[in-house]
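# Close look at the chain arrangement
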Amino acid sequence: MLKWFFFALIIRPVVLLIFGVHVRGREHLNSNNPYIIVANHNSHLDTLVLMSLFPLGQIHRIRPVAAADYFMKNRLIAWFSTQFIGIIPLSRKVERSQTNPLEPLRQALKAGDSIILFPEGSRGEAEQMSKFKSGVAHLAKMTPDIPVIPIYLGGAGKVLPKGEALLVPFIIDVHILSPMMIGDDNIQTFTKRLEEVIENARKKDL
């Protein structure tokens, strides 16, 4: 309920009404089935914008993946991140004795949740993209029946640039692209294909 009220009373009014979000391809998110949602990453607003695309009745099923070393670093941040945002914390340092770090994500998808991943890792400069890491492709191999939804976000990095604390009114463009399945692709091929799809959307948006 905390998550529902947070998005209903604060996040959706701010994101959708104050800044404005122009969405293309919404028909690609017309199912209650789980997705792996993949997007470029320029701002802390990215996660909130992506979650605002879904009806409030589904918000409890949308789980962003976030760096454990940042979002679980103290009790207050950990409580807010898990109770209000519903993150799945992911360790960026893998120990040899550790089980597959992607297993919690697979379990969430198996339970019917959709997850949000940013394959660039950390936030980049506004309207720029960095090379994608292969974690999404590894997860797609683990869950081959779950569609991967590529999304390009334009403008969020200008609304709340990296390193800034003040919001700047700016229209955010959201391009929801056609679902992708890993099929017979290897890890490198699928990672590259996914990066190219989002990069092509970025170029068209310039």
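First, a word on scope: everything that follows refers to the structure included in this document. The structure displayed is predicted, hence computed values, not measured ones.

The next subject is the environment of Leu139. Note on placement: Leu139 falls in helix H6 (residues 135-142). Classification of Leu139 by relative accessible area gives buried; the value is 0%. Spatially, the C-alpha atom of Leu139 lies 6.6 Å from that of Leu102, the residues being 37 residues apart in sequence. Setting aside residues up to four positions removed in sequence, Leu139 forms contacts with Ile36, Leu102, Leu105, Arg106, Leu109, Ile115 and Leu117.

A few words now on the pattern of salt bridges. For the coordinates displayed, the defined rule picks out five salt bridges. Note that Arg61 and Asp113 form a salt bridge whose closest N and O atoms lie 2.8 Å from each other. Of this pair, Arg61 sits in the loop between helix H2 (45-51) and strand E3 (62-67) while Asp113 sits in the loop between helix H5 (103-110) and strand E5 (114-117), and the two are 52 residues apart along the sequence. For the salt bridge of Arg106 with Glu103, the shortest nitrogen-to-oxygen distance reads 2.8 Å. In this pair, Arg106 and Glu103 are both assigned in helix H5, three residues apart and thus about one turn of the helix distant.

Let us now look at H5. For H5, the complete set of buried residues consists of Leu105, Ala108 and Leu109. Down the axis of H5, the buried set is contained in an arc of 100°. They therefore lie on one face. Those residues of H5 hidden inside the fold are in contact with strand E2 (36-39), E3, strand E4 (88-90), E5 and H6. Where H5 terminates, the next one or two residues include Gly112, which has phi positive at roughly 100°.

The next thing to look at is the packing of aromatic side chains. This structure, assessed with the given rule, holds seven aromatic pairs. Summarising the aromatic geometry, the rings of Phe6 and Phe80 are spaced 5.4 Å apart at their centres and angled 85° between planes, so their arrangement reads as edge-to-face. Here Phe6 is found in helix H1 (residues 2-19), whereas its partner Phe80 is found in helix H4 (residues 75-85), with 74 residues between them in sequence. An angle of 15° between the planes, with centres 4.9 Å apart, marks the rings of Phe80 and Phe84 as stacked.

Before going further, it helps to examine the nonpolar core. Counting residues in hydrophobic clusters, the biggest one holds 32 residues, and the most contacted among them are Phe7, Leu50, Leu53, Ile151 and Val174. Listed by contribution, the elements that provide at least two residues to this core are H1, E2, H2, E3, H4, strand E6 (148-154), helix H7 (156-159) and strand E7 (172-176). Among all residues touching Leu53, those that are not within four sequence positions of it are Val23, Arg26, Leu29, Ile151, Val174 and Ile176. Core analysis: the next-biggest nonpolar cluster, separate from the first, contains 28 residues, Val38, Met129, Ala137 and Ile182 among them.

What follows concerns the pairing of E7. Most of E7 is tucked away, with five of its five residues classed as buried. With four bridges connecting them, strand E1 (residues 21-24) and E7 associate as parallel partners. Bridge assignment links Arg24 to a residue of E7, and that residue is His175.

Rules used in this analysis
- Residues numbered from 1 in each chain as written.
- Predicted model: local features only at pLDDT ≥ 70, side-chain atom pairs only at ≥ 80, totals over all residues.
- Heavy atoms only, no water.
- Helix = DSSP H or I, 4+ residues; strand = E, 2+ residues; numbered from the N terminus.
- Buried < 20%, exposed > 50% of the residue type's maximum accessible area, 1.4 Å probe, protein only.
- Contact = heavy atoms within 4.5 Å.
- Salt bridge = Lys/Arg side-chain N within 4 Å of Asp/Glu carboxyl O.
- Arc of directions from axis to C-beta.
- Phe/Tyr/Trp six-rings, centres within 6.5 Å; stacked < 30°, edge-to-face > 60°.
- Core = buried A, V, L, I, M, F, W, Y, C linked by side-chain atoms within 4.5 Å.
- Pairing = 2+ DSSP bridges.

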